Amino acid sequence: MRTMGLPALAVFGIALVACGHESRETVSLPVTVQTVSGGGGEGGLRYSAGIRPDVQVDVAFKVSGYIEALLQVRGADGRMRSVQDGDFVSRGTVLARVRDREYRDALAQAQASLTQAKADFDRVSQLFENRSVSKADYDAAYARYTAGQAQHDQAELALSDCTLRAPLDGYVLHRSIEVGGLVSPGAPGFTLANTKSVKVVFGVPDVLVGSMRMGSAQSIAAEAVPGTVFHGRITRIAPSADPTSRVFEVEVTIPNPDGRLKTGMIAALQVAVPREVAASAMLVPLNAVVRPPGDPAGYAVYVAEDHNDRVVARLRRVQLGDVAGNMIRVTAGLQGGERVIVRGATLVVDSQDVRVIP
């Protein structure tokens with residue numbers, strides 16, 4: 001009985017191992033694929049870009065001193081408070097004031113010097129007309145008078161610079177000063193932005209920049225404003241490529257009179273691709289590109305191939321070109337119509353069974 005039991009147990013164990021091995025082989029990794037085509041398909045190339053204000057400026061004092069006052073606005077609770085980020089200000093509004101006692105004293109001193117210089121010049125002018133003084137004395141008096149006038153004008157300008165005014169209608173993006181703080185000339189106190197129009201800037205490769213036209217209509221969408229399509233026009237095309245990314249910046253200006261588009265929101269747009277460009281541009285999603293095993297400097301993708309009744313992942317080494325939106329150009333290693341694994345590309349290995357899901 002004992003000698004006959006061992007072979008039976010061994011056969012049973014082998015059967016379990018076989019079953020376990022078969023289950024591992026039949027388990028396939030779920031992945032999503034995208035068929036390779038030129039130019040990103042019929043819908044064109046999709047881009048994501050940040051929304052920027054049409055005009056953004058840093059407002060700074062030209063003089064140094066202690067902040068004496070900040071613009072007061074009525075808050076949501078009805079009480080007055082200092083202007084802060086997000087508040088709207090009109091052009092010419094006084095945003096802040098520096099203590100001006102020293103500048104008033106300087107202006108008074110300059111005024112006194114100017115008065116004395118003018119009196120001296122008037123007296124010397126009368127004497128010069130009577131030929132009682134020389135031309136050199138007249139010229140010296142005139143020089144003192146003009147120098148006094150210049151010093152007075154500078155002191156008057158410095159006093160006016162103690163008041164910081166808004167140079168445009170816009171929103172306060174940032175306030176970096178407080179009452180009692182010491183400011184130096186040129187240090188930004190406020191950052192203002194005009195968002196009646198906003199800009200969307202994205203980069204296109206060299207094969208596409210030639211088809212972009214100034215003034216062409218372009219639509220965008222923003223996840224923060226669902227269900228709304230915003231329409232604008234191309235207002236700038238960079239004449240040269242960025243030296244690092246090798247793409248050309250394209251700017252789209254969008255009217256934003258109601259202020260629904262905010263600075264920093266993410267915009268999505270789709271750029272139409274001409275047929276001749278689509279025919280020469282083999283594009284794959286960026287997240288489909290991986291490093292081949294053992295080659296940290298190379299690039300590859302996994303292609304889903306039908307093998308009998310299974311779908312198998314095959315590693316394909318590729319050569320890459322320019323980035324176009326969330327796609328990248330493949331210059332060698334792929335053919336049109338092949339299915340590239342997108343989601344799951346970092347988990348799959350060569351010759352592994354996969355299961356394609358929507």
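Our subject is the structure listed above.
Presented here is a report on the structure given in the accompanying data block. What you see is a predicted model, and the numbers here were worked out from it, not measured in a lab.

1. Regarding the sheet that holds strand β10 (residues 163–165)
Right, so step 1: Across the sheet, which stays open at both edges, the four strands sit in the order β10-β9-β5-β12 with antiparallel pairing between neighbours. Strand pairing shows two members of the sheet lacking a second neighbour, β10 and β12 (182–183), which therefore form its edges.
Right, so step 2: The pairing of strand β5 (residues 65–70) with β12 spans two bridges and is classified as antiparallel. Paired with glycine 65 across the strands is valine 183, a residue of β12.

2. Let's talk about the side chain of glutamate 338
Right, so step 1: Structurally, the position occupied by glutamate 338 is in the loop between β21 (327–332) and β22 (339–341).
Right, so step 2: Given a relative accessible area of 15%, glutamate 338 falls into the buried group.
Right, so step 3: Separated by 2.9 Å, the side chains of glutamate 338 and arginine 316 make a polar contact.
Right, so step 4: What glutamate 338 contacts, discounting residues up to four positions off in sequence, is Gln34, Thr35, Val36, Val303 and Arg316.

3. Quick look at a nonpolar patch on the surface
Right, so step 1: A grouping of Phe88, Tyr171 and Leu173 is seen on the molecular surface, where their side chains present a nonpolar patch of about 250 Å² in accessible area.
Right, so step 2: With respect to the helices and strands, the residue tyrosine 171 is situated in strand β11 (residues 170–175).

4. Regarding the packing of helix α2 (residues 101–129) against helix α3 (residues 135–160)
Right, so step 1: With their axes 8 Å apart at the nearest point, α2 and α3 run at an angle of 160° to one another. Overall, the two elements α2 and α3 adopt an arrangement that is roughly antiparallel. Seen along the crossing, α2 lies across α3 with a hand that is left-handed.
Right, so step 2: Here the contact of α2 with α3 is composed, by residue class, of 16 nonpolar, six polar and six charged.

Thresholds applied
- Residues numbered from 1 in each chain as written.
- Predicted model: local features only at pLDDT ≥ 70, side-chain atom pairs only at ≥ 80, totals over all residues.
- Heavy atoms only, no water.
- Pairing = 2+ DSSP bridges.
- Helix = DSSP H or I, 4+ residues; strand = E, 2+ residues; numbered from the N terminus.
- Buried < 20%, exposed > 50% of the residue type's maximum accessible area, 1.4 Å probe, protein only.
- Polar contact = N/O pair within 3.5 Å; in protein donor to acceptor, adjacent residues only side chain to side chain.
- Contact = heavy atoms within 4.5 Å.
- Patch = residues over 30% accessible without salt bridge, like charges linked within 9 Å, V, L, I, M, F, W, Y side chains within 5 Å.
- Areas by Shrake-Rupley, 256 points an atom, 1.4 Å probe, with all protein chains shown as cover.
- Salt bridge = Lys/Arg side-chain N within 4 Å of Asp/Glu carboxyl O.
- Axes fitted to C-alpha atoms, helices over the stretch in contact; angles between N-to-C directions.
- Parallel < 35°, antiparallel > 145°, perpendicular 65-115°, else oblique.
- Left-handed = near helix turned anticlockwise from the far one by under 90°.
- Nonpolar A, V, L, I, M, F, W, Y, C, P; charged D, E, K, R; others polar.

Function cannot be inferred from these measures alone, as they are strictly geometric.
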